[in-house]
Amino acid sequence: MGIQPLRSRVTIKQIWEGIKAGGDAEKLQSAILQSSKSLRRFSSTWRYLNPDGRIVYHEGFGNPSKKHDGSVVWDSLIVDVTERFELAEMAQNIAKIARIGSWEAILKDGVIADYRFSKNLIEILQADNQSPIDFFNLFQFTDHKVKRHFSRFIKKALLKSGSFEEDFSVFVGEKELKWIHFVVKSECHHSQLIRFYGYVQDVTAKKLSELQIQNALSEKNKILESIGDGFFAVNWIGQVTYWNKSAEELIQIPREDCLGKSIWPLFPVDTRKKFTRFLRQIQEKKSSHIHKQDFFQDFDKWFEVNIYISEVGFSVFFTDITKRKLAEEEIKQSNERFVKISNATNDIIWDYDLENDRFFIGEGFQRLTGYKIGNKITSLEEVRKFIFEEDVDKIFDGLCQAFQSPNESNFQQEFRIKIKNDEYAYVINRGTIIRNRSGVVIRALGSMTDITYQKNYEKSLQTLNENLKKKAFELEKSNKELEQFAYVASHDLQEPLRMVNSFMGLLKKRYKDSLDERALTYIDFAVQGSEQMKAIIFNLLEFSKVQQEDVTLSLFDFQEILEPLKINLNKEIKLKGATISLSNSTVLFSNKSMLFQVFQNLISNALKYSDSEREPQIDISVKDEGEHYLFQVKDNGLGIREEYLDKIFALFSRLHTRDKIPGTGLGLAIVKKIVEKLGGEIWVNSTVGVGSIFSFKIPKNDYENHIG
Ligand code: ADP
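**Student:** Would you mind showing me how to read the site of the ligand here?
**Tutor:** Taken together, the neighbourhood of the ligand is formed by 20 residues, with Asn605, Tyr609, Arg654, His656 and Thr664 sitting nearest. A distance of 3.0 Å is found between a nitrogen atom of the ligand and a side-chain nitrogen or oxygen belonging to Asp635. Take Leu655: an N or O atom from its main chain is 3.2 Å from an oxygen atom of the ligand. Across the complex, the protein chains shield 98% of the 520 Å² of accessible surface that the ligand would expose by itself. Counting atoms within 2 Å of the grid points, the majority share of the ligand lands in the largest pocket. Within the shell around the ligand, the residues separate by chemical class into 8 nonpolar, 9 polar and 3 charged.

**Student:** It is not clear to me how unusual backbone geometry should be interpreted in this structure. Could you clarify?
**Tutor:** The phi torsion of most residues other than glycine is negative, and most of the peptide bonds are trans. A positive phi angle, near 55°, is found at Lys286, a position not held by glycine. Within the secondary structure, Lys286 sits in the loop between helix 9 (269-285) and strand 13 (289-296). Notably, Phe652 is not glycine yet its phi reads approximately 60°, a positive angle. Relative to the helices and strands, Phe652 is located in the loop between strand 26 (628-634) and helix 19 (667-677).

**Student:** Before we go on, may I ask you to explain the sheet that holds strand 26 in this structure?
**Tutor:** Note on sheets: strands pair through backbone hydrogen bonds, and any given pair is parallel or antiparallel. The mixed open sheet is built from 5 strands, whose spatial order is 23-25-26-28-27. With one partner strand each, in any of the chains shown, strand 23 (579-584) and strand 27 (681-687) form the two edges of the open sheet. Each adjacent strand pair in this sheet contributes to an overall mean axis angle of 15°, direction not counted. Strand direction decides the pairing type here: strand 23 and strand 25 (residues 617-624), joined by 5 bridges, are parallel. Considered in strand 25, the bridge of Asn584 is made with Ser621.

Rules and cut-offs
- Residues numbered from 1 in each chain as written.
- Predicted model: local features only at pLDDT ≥ 70, side-chain atom pairs only at ≥ 80, totals over all residues.
- Heavy atoms only, no water.
- Near = heavy atom within 4 Å.
- Polar contact = N/O pair within 3.5 Å; in protein donor to acceptor, adjacent residues only side chain to side chain.
- Areas by Shrake-Rupley, 256 points an atom, 1.4 Å probe, with all protein chains shown as cover.
- 1 Å grid on protein atoms, 1.4 Å probe; cavity = no way out; pocket = protein on both sides within 12 Å on 5 of 7 lines; lining within 4 Å.
- Sits in = over half its atoms within 2 Å of the grid points.
- Nonpolar A, V, L, I, M, F, W, Y, C, P; charged D, E, K, R; others polar.
- Helix = DSSP H or I, 4+ residues; strand = E, 2+ residues; numbered from the N terminus.
- Pairing = 2+ DSSP bridges.
- Axes fitted to C-alpha atoms, helices over the stretch in contact; angles between N-to-C directions.

Quick look at the structure:
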């Protein structure tokens, strides 16, 4: 094939020129020379420059024969082998490009005597051209394990007929790592090796990229296993090709039960329907991805699902978002509640997100101010516009202070906000501060309550108080003046009264016989009148003295008051057949003479206003009640009608006419004044026809402190 004898009419000279130009003349000459000497057949191949300028390859053979004259002639044939050469060159080039080198064992009697390694192989392994005698000094194995493995491989190939191949790692040149694909073909006949040959291909680049892919794959698998998301992949015929650990946990199906199985029977009906719907939606959208959040009834869980379509099938990432969903729902509900509450209350509910300057303000704002920003998100600047100008600095200074004090979690402020018709309302703003972990305020929320009414009420109360204070001061002044007057008057009146009295006595005594009955009665009236006046003046004096008297304290037993009193009132007690009992008594630390006067008045009233139908029973009780003493005088007298209970303590107030029961109407007024002077209060309970209980209490004085 490709060999054609040359048919031409060129001269020998022309031929040699063509051979010279081809560059192989010397080689041919030496072959011919050799043949002429040895008289053996010569054969050579050479390049030849054709007269048309093409380089071709010629192969020549010649059988020499010596003539009688000693010259040698050749019976020769020259053929054009250009095509064969070109094919061989091409094969050589292809082997070079494919980085393939061949080898062959040279056998002698069925035993390997030597090896022949191709140039390419030597080049690939960067081995010394001369030295290799077998694979073990041709290859530099990367370690012993590889070398051992290779020996086993060769042994196996030598024992059986067939083709064997495997990849090995070797070093070339200066320890450069190479991967070689080693192919062996062995042919045996009757257990005798008849051919042993093969080739080696440098597959380093392929192997490295394979390893890279393998690494990437195992890296991908590692990632898929470590992610918290569930992941599974399905090929186009519906078989599961990947099922990660999280998928096992979330769907509760072990990997062994799904790998290679059809996906659909693995899922309960509802889930299957959902997935087929999602896949349909992807198709309809003509997209390669879909993202869904859905409740999966079969698992009683919310899942976030991402489905990706690829050329080989589809893959699904899914995360359990039940907790998040429930929390979201809770937040939604609590937000709704918050808005509802803010709408339901008259207070202005507000919530300020400082990080984003988002200010929520409830509907109460519109209700109070008449301006519409209620139930909207706005900025602090917008809200600030509604604050009464004079109060702005005060509020913001206060807020800054609260925000900058790390322990402050609440604040309260009062200020005015503008409302329609150029008016303003007073509000009290109560807030709570929320800080992040570094203590920086990120949110504040609270409510403003309209306190305009209270403010106005406070103001009017303040004015009222001031007026009252003024009045009280005036009253005190006039009281003092009155007391002064009463004292002076009663004091000064005593003398002229005594004169009237004594002169009346004298008049009656001296002119008793010359005056008629009527005149004498008139004198008696006048004397009675002046006696009454004397009593009034005496009582008035007593009354006005109370105020001026110093409250001196002493320790005494109540008996020390009661016993002398009984002696004082002995005549009256006897007359009325009265009984005076003491149901409770105690030692007192108080003003003895003042209490004496109080009990004198109360007991003499109990005797005076007794019921003629029964003998007076007067019971006295004195109790130490811790903070104060409680005194009570209980009688079984006439009693007092309810409407008069308050009035009887006033000056000159009397419920009985003087002709029936004498009196000045000052006794209880004096009692009240003394009780009040001692810091206490007095009251009466009474039932007409049953009797009365006069009660008063006075605070206790600290004896220990007093003497200390
Ligand atoms: P006087 O006894 O001089 O009238 P008081 O100030 O002591 O004045 O009493 C005022 C009035 O209270 C009496 O006029 C009497 O009507 C009524 N009163 C006082 N004590 C009693 C009592 N124990 N029982 C019923 N009425 C009493």
